[in-house]
Amino acid sequence: PFIIELSAGSIQVLGTSFNVKAYEEGDRVETFVRSGKVAFHKPGDRPEVTFIEPNQKLFYSKNDQTLIKEETDADRSLAWMQGNLIFQETSLLEIAEELEHYFDIDIIFENPALQACTLTGTFKNNAYQDILKKLSMTNTFQYQEVGKRIVISGEGCQQMN
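Overview of the structure. In this text the structure is predicted, and so the values were computed from the model without any measurement. All residue numbers refer to position in the chain's written sequence, counted from 1. pLDDT decides what is reported in this predicted model: residues at 70 or higher carry local features, side-chain atom pairs at 80 or more are listed and counted, and totals for whole chains, interfaces and linings draw on all residues regardless. To get the side-chain values, take all heavy atoms of the structure and skip hydrogens and water.

**Section: the overall build of the protein**
Phase 1: By definition, any uninterrupted DSSP run of H or I lasting at least four residues is a helix, any uninterrupted run of E lasting at least two residues is a strand, and each is numbered from the N terminus. Counting its secondary structure elements, the protein contains 3 helices and 13 strands.
Phase 2: Radius of gyration here is computed from C-alpha atoms only, and the compact-globule reference equals 2.2 Å multiplied by the residue count raised to the power 0.38. Relative to its length of 161 residues, the protein is compact, with a C-alpha radius of gyration of 17 Å against a globular reference of 15 Å.
Phase 3: Counting only C-alpha atoms and orienting by the principal axes, one finds that the protein spans roughly 45 × 35 × 35 Å.
Phase 4: Each residue is placed in one exposure class: buried if its accessible area under a 1.4 Å probe, protein chains only, is under 20% of its type's maximum, exposed if it is over 50%, and partly exposed if it falls in between. Taking all 161 residues of the protein together, 39% fall into the buried category.
Phase 5: Any two residues whose heavy atoms approach within 4.5 Å are treated as being in contact. Considering only intrachain contacts with a sequence separation of at least 6, the fraction spanning at least 24 residues in the protein is 44%.
Phase 6: Every accessible area reported is derived by Shrake-Rupley at a probe size of 1.4 Å, with residue values counting cover from the shown protein chains alone. Counting only carbon and sulfur atoms, one obtains 46% of the accessible surface of the protein, whose full area is about 9,600 Å².
Phase 7: Residues scored as charged are limited to Lys and Arg (positive) and Asp and Glu (negative), so that His and the chain ends carry no count. By convention, charge coordinates are those of NZ in Lys, CZ in Arg, CG in Asp, or CD in Glu. Of the charged side chains in the protein, 15 are positive and 24 negative; the average position of the first set lies 4 Å away from that of the second.

In structure tokens, the structure reads:
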């Protein structure tokens, strides 16, 4: 079998097309299936296997070892392969992580409360400067670019009750 070994578990490929996001410095492992089936092997003393089928996504937190499986649109999840970045109620932290890996830049938050703010936007073949400019038009944050380092600042977002 084709097995992808991760620092937090492993993914066994069972005749499929899929994607994996598992950055060493990040807390989260994310995988989804477009066709076929994969098995996620949770690490630890009592290994646990979770199967993921088409249009399903799995999130695993390395820090608290929680596992969430949910339905997804696999075509939307693969949009990055055609130069599209799609954020649907996505936290600013997740957007920043995506931009860091996609464009090889560093993003720093002056106010950690901004990381939880959620934003929505679709971008096709945009430079990261254009993406940040358009997202900042929500008045959720401001940013300043110094070389390949982006500093995000602001008061934070309003929580809806």
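**Side note on the sheet that holds strand β13 (residues 149-153)**
Phase 1: For two strands to be treated as a pair, DSSP must find no fewer than two bridges joining them. Spatially, β10-β13-β12 is the arrangement adopted by the 3 strands of the open sheet, whose pairing is mixed. The sheet terminates laterally at β10 (106-109) and β12 (142-146), the two strands that pair on one side only. Taking each pair of neighbouring strands and ignoring which way they run, the sheet shows an average axis angle of 20 degrees.
Phase 2: Both β12 and β13 contribute to a ladder of 5 bridges, which runs antiparallel. Residue pairing for β13: valine 146 is matched across the bridge by arginine 149.
Phase 3: Against the sheet, helix α2 (residues 92-103) engages β10 and β13, with an angle of about 155 degrees to β10.
Phase 4: Axis definition: a line fitted to C-alpha atoms, over the contacting stretch in the case of helices. Angles run 0 to 180 degrees between N-to-C directions. Set on the sheet, helix α3 (residues 128-136) makes contact with β12 and β13; between it and β12 the angle comes to about 160 degrees.

**Quick notes on the side chain of glutamine 12**
Phase 1: Within the secondary structure, glutamine 12 is located in strand β2 (residues 9-13).
Phase 2: We classify glutamine 12 as buried; its relative accessible area is 18%.
Phase 3: In the analysis that follows, any N or O atom pair within 3.5 Å is treated as a polar contact, provided that within protein one partner can donate a hydrogen and the other can accept it, and provided that, for residues neighboring in sequence, both atoms belong to side chains. Among the polar contacts listed, one links the side chain of glutamine 12 to the side chain of histidine 41, at a separation of 3.1 Å.

**Things to note about the nonpolar core**
Taken as a class, soluble globular proteins show a tendency for nonpolar side chains to be buried jointly.
Phase 1: What we call a nonpolar core is a set of buried Ala, Val, Leu, Ile, Met, Phe, Trp, Tyr and Cys residues that are connected through their side-chain atoms within 4.5 Å. With 21 residues, the main nonpolar core has Leu99, Ile107, Phe141 and Ile152 as its most contacted residues.
Phase 2: Here this core gets 5 residues from one element, more than from any other, and that element is α2.
Phase 3: Excluding residues within four positions of it along the chain, phenylalanine 141 makes contact with Leu92, Leu114, Leu119, Leu132, Leu135, Ser136, Ile152 and Ser153.
Phase 4: Counting residues in each nonpolar core, the second largest holds 10 residues, with Val33, Val38, Phe40 and Ile52 among its members.

**Comments concerning the sheet that holds strand β7 (residues 56-61)**
Phase 1: In space, the 4 strands of this open sheet follow the order β3-β4-β7-β8, with antiparallel pairing throughout. In this open sheet, the two strands that pair with only one neighbour each are β3 (17-21) and β8 (67-71). The sheet shows a mean angle of 15 degrees between the axes of neighbouring strands, taken without regard to direction.

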